[in-house]
Amino acid sequence: MHVLACYDVVADSRRARVFRVLEGSLRHVQKSVFEGQLAAGRLSALVAALEAELDPSTDTLRVYLLCRGCAQAIV
């Protein structure tokens, strides 16, 4: 599946850890945006690793799953 992940993390140290987690699985396309192909089982592990780094009171994470047609239509 094609995955688009974006985040807003307040603390620099947490932001760097989130970046490293995403960098290991997806392609960095903008400052806080990553995208790429992931197997379904890998997605749940990635989200769990990211949630472990976030402070839910101040940080946000959005993960979008794109269908094949939608992924091919990215401009």
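A. Region of interest: the pattern of salt bridges. Applying the stated criterion to the full structure yields four salt bridges. The shortest N-O distance in the salt bridge between Glu53 and Arg17 comes to 2.6 Å. With Glu53 in helix 2 (residues 40-53) and Arg17 in helix 1 (residues 12-23), the pair connects residues that are 36 residues apart, well separated along the chain. Here Glu53 falls in the partly exposed class, since its relative accessible area comes to 22%. Note on Arg17: relative accessible area 30%, which makes it partly exposed.

B. Main features of the nonpolar core. Of all hydrophobic cores here, the largest spans 13 residues; its most connected members are Tyr7, Val18, Leu22, Leu26, Leu38 and Leu46. Secondary structure elements with two or more residues in this core: strand 1 (2-8), helix 1 and helix 2. If we ignore the near neighbours within four places in the chain, the residues touching Tyr7 are Arg15, Val18, Phe19, Leu22, Lys31, Ser32, Phe34, Thr60 and Leu61.

C. Structural context of the side chain of Glu35. The residue Glu35 is located in strand 3 (residues 33-37) in this model. Look at Glu35 and you get buried, because its relative accessible area is 11%. Only 2.8 Å separates the side chain of Glu35 from the side chain of His2, close enough to count as a polar contact. Setting aside its immediate chain neighbours within four residues, Glu35 contacts His2, Val3, Leu4, Leu26, Arg27, Val29 and Ile74.

D. Representation of the side chain of Ser25 within the structure. Along the chain, Ser25 turns up in the loop between helix 1 and strand 2 (27-30). For Ser25, the side chain forms a polar contact with the side chain of Arg42, separated by 2.5 Å.

E. Molecular detail of the sheet that holds strand 1. The strand order across the open sheet formed by four strands is 2-3-1-4, and the pairing between neighbours is antiparallel. Strands with a single pairing partner mark the edges of an open sheet, and in this sheet they are strand 2 and strand 4 (60-66). In this sheet, adjacent strand axes meet at a mean angle of 25° when their direction is disregarded. Here strand 1 pairs with strand 3 via five bridges, running antiparallel. Of the residues in strand 3, the one forming a bridge with Cys6 is Val33. In the packing of helix 1 onto the sheet, the strands contacted are strand 1, strand 2 and strand 3, and the crossing angle to strand 1 comes to about 175°.

The rules behind the values
- Residues numbered from 1 in each chain as written.
- Predicted model: local features only at pLDDT ≥ 70, side-chain atom pairs only at ≥ 80, totals over all residues.
- Heavy atoms only, no water.
- Salt bridge = Lys/Arg side-chain N within 4 Å of Asp/Glu carboxyl O.
- Helix = DSSP H or I, 4+ residues; strand = E, 2+ residues; numbered from the N terminus.
- Buried < 20%, exposed > 50% of the residue type's maximum accessible area, 1.4 Å probe, protein only.
- Core = buried A, V, L, I, M, F, W, Y, C linked by side-chain atoms within 4.5 Å.
- Contact = heavy atoms within 4.5 Å.
- Polar contact = N/O pair within 3.5 Å; in protein donor to acceptor, adjacent residues only side chain to side chain.
- Pairing = 2+ DSSP bridges.
- Axes fitted to C-alpha atoms, helices over the stretch in contact; angles between N-to-C directions.

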